[in-house]
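# Structural overview for review
Chain by chain, the residues run as shown.
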Amino acid sequence: RKAVPMLRSLYSGISGLRAHQTMLDVTGNNIANVNTAGFKASSTQFQDTLSQMTQGASAPQGETGGSNPAQIGLGVRVAGVSTNFAQGSSQSTGRATDMMISGDGFFVTSKGGQQLFTRAGSMTFDAASQLVSPDGGILQGWTAKDGKVDQAGAIGDITLNPNTMVATATSTVTLDGNLPSDALVTDAPLNRVVKVYNATGAERSVTLTFAKTAGGWSASGVDENGATGSITLAQQPDGTLTPSGPFDIGAGPTKITVDLAKVSGFAGMNSLTVSGQNGSAVGKLESFTLGNDGSLIGSFSNGTKQVLAKIALAKFTNPAGLEKAGGSSYVATANSGNVQLGAAGDPGIGTLAGGSLEMSNVDLSQEFTNLIVAQRGFQANARIITTSDEVLQELGNLKR
């Protein structure tokens, strides 16, 4: 027992070589991925192994003092390799399909039926008009219906079909300007014609007629489909007009409400105009932009902007428990906690920025320092082995 201390040192040296080789491997991988978008650096933690007890501890007894335990360590081992999820720097690319998470959270992708999580937001369109990561993972989120997103529903593949068409039915016509209070009852009525649209984008005309009355004005409207509506406008001394009720033309889904809130009734000027209506003809998707909340907002050729989809983001109780799956992606494990889905800006989830990518968070100065530390540690443990070998050689030379 007393003649083999150098054997313990041999194995301690071997364990040191293995541990520092692992540290070199981790550091080398960090440096290799210094320009990998969304990459998170790893670090190595060492831990001593079991120690051999040569003398146990004893308590003080009578006139004899207590003694401390005597133990000889048996080497080192790698306790773990942890991932640093600190925010990486931003790189502007100008590409609409490049996205960056500012804060916590992960993009959700689906590849081969497996749900993956990544910080790398470099997306492109494939032949099926799906937003995909470089390795073919399909970006997940909620598809909008009529411009509205239901986050309570299940997430699915985000597809932005370039042939998407939209048309908006007119529900409101807005008038602006002035109806002259000094007009005569015998004057010719004022007519205004406005183009409106149905749900399919078909265009029709609505004629609005304003006739002077003794107490103000009468307003009536009729569209090409025969729908009608009328109200009266009471002239007030301060130059305002008080409608007798809502000015609705038609009823049901095709009803059009005429907004007269901005129409005044001062004397000496006739400036009544149609300032706008909220319908549009059919339009084709031309481009899209990314909102801070992850909404993909499409711009159509008819001037309409509409939400097409919303990107889902994931968060975990313990992100360090995620397992790297290659392709800058992670999979959930038993120690990461269950995935919690949400949208950008939700509690615990960062916001999204379009046209930018999150770069690697590798700190080269720290990694090169780690290289030196690992190299010197490897050399020192190699010296332990050679020194133990020399002691064994001396032991063998006792017999000549």
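Residues numbered from 1 in each chain as written. Predicted model: local features only at pLDDT ≥ 70, side-chain atom pairs only at ≥ 80, totals over all residues. Heavy atoms only, no water.

Summing up its helical and strand segments, the protein has two helices and 31 strands in all. The C-alpha radius of gyration of the protein comes to 38 Å, more than 25% above the 21 Å expected for a compact globule of 400 residues. Counting only C-alpha atoms and orienting by the principal axes, one finds that the protein spans roughly 140 × 60 × 35 Å. The buried share of the protein, taken over its 400 residues, is 36%. The long-range share in the protein, meaning contacts at least 24 apart out of those at least 6 apart in sequence, stands at 63%. A total accessible area of about 21,100 Å² is found for the protein, and carbon and sulfur atoms account for 53% of it. (Helix = DSSP H or I, 4+ residues; strand = E, 2+ residues; numbered from the N terminus. Rg over C-alpha atoms; globule rule 2.2 N^0.38 Å. Buried < 20%, exposed > 50% of the residue type's maximum accessible area, 1.4 Å probe, protein only. Contact = heavy atoms within 4.5 Å. Areas by Shrake-Rupley, 256 points an atom, 1.4 Å probe, with all protein chains shown as cover.)

This part covers the layout of surface pockets. Where empty space is left in the structure can be found by rolling a water-sized probe over the atoms. Roughly 360 Å³ of internal volume is contained in the largest pocket. Considering the residues around the largest pocket, the lining is formed by 20 residues, among which Lys145, Asp146, Gly147, Val166 and Gln306 are closest to the centre. Residue assignment for the lining of the largest pocket shows that the elements contributing at least two residues are strand 13 (165-168) and strand 25 (305-311). Ranked by the residues each element gives to the lining of the largest pocket, the list is headed by strand 25, at four residues. When its residues are assigned to classes, the lining of the largest pocket shows 11 nonpolar, seven polar and two charged. (1 Å grid on protein atoms, 1.4 Å probe; cavity = no way out; pocket = protein on both sides within 12 Å on 5 of 7 lines; lining within 4 Å. Points joined across faces, edges and corners; volume = space filled by probe spheres on them. Nonpolar A, V, L, I, M, F, W, Y, C, P; charged D, E, K, R; others polar.)

On to the nonpolar core, then. Counting residues in each nonpolar core, the largest one holds 22 residues, and the members touching the most others are Leu175, Leu179, Phe210 and Leu260. Mapped onto this core, the elements with two or more residues apiece are strand 14 (172-178), strand 15 (190-197), strand 16 (203-213), strand 17 (216-223), strand 18 (228-235), strand 20 (247-249) and strand 21 (256-264). If sequence neighbours within four positions are ignored, Phe210 has contacts with Leu175, Leu179, Pro189, Leu190, Trp217, Ser218, Ala219, Leu233, Leu260 and Leu272. (Core = buried A, V, L, I, M, F, W, Y, C linked by side-chain atoms within 4.5 Å.)

Moving on to the packing of aromatic side chains. What the rule picks out here adds up to six aromatic pairs. Ring plane angle 80° and centroid distance 5.7 Å describe the contact between Phe85 and Phe106, whose orientation is recorded as edge-to-face. Placement of the pair is Phe85 in the loop between strand 4 (76-83) and strand 5 (90-92) and Phe106 in strand 7 (residues 106-111), with a sequence separation of 21 residues. Phe85 gets classed as partly exposed once you look at its relative accessible area, which sits at 23%. Ring geometry for Phe117 versus Phe316: centroids 4.9 Å apart, planes at 85°, classification edge-to-face. A residue pair is termed long-range when its members are at least 10 positions apart, and Phe117 in strand 8 (residues 114-118) and Phe316 in the loop between strand 26 (313-315) and strand 27 (323-326) qualify at 199 residues. Each member of the pair Phe117 and Phe316 is classed as buried. (Phe/Tyr/Trp six-rings, centres within 6.5 Å; stacked < 30°, edge-to-face > 60°.)

Time to look at the sheet that holds strand 22 (residues 273-277). Strand order in this open sheet of four strands is 20-21-14-22, and the pairing throughout is mixed. Looking at strand neighbours, the two that pair on one side only are strand 20 and strand 22, the edges of this open sheet. Going across the sheet, the axis of each strand differs from the next one's by a mean of 25°, ignoring polarity. Of the pairings in the sheet, the one linking strand 14 to strand 22 comprises four bridges and is antiparallel in character. Each residue of the ladder has a partner; that of Asp176, found in strand 22, is Thr273. (Pairing = 2+ DSSP bridges. Axes fitted to C-alpha atoms, helices over the stretch in contact; angles between N-to-C directions.)

The phi torsion at Ser129 lies on the positive side, around 65°, for a residue other than glycine. Mapped onto the secondary structure, Ser129 falls in the loop between strand 9 (124-125) and strand 10 (131-132). You will see that Ser328, though not glycine, has its phi angle at about 60°, which is positive. Inspection of the secondary structure puts Ser328 in the loop between strand 27 and strand 28 (329-331).

Scope: geometric values only; no functional claims are made or implied.
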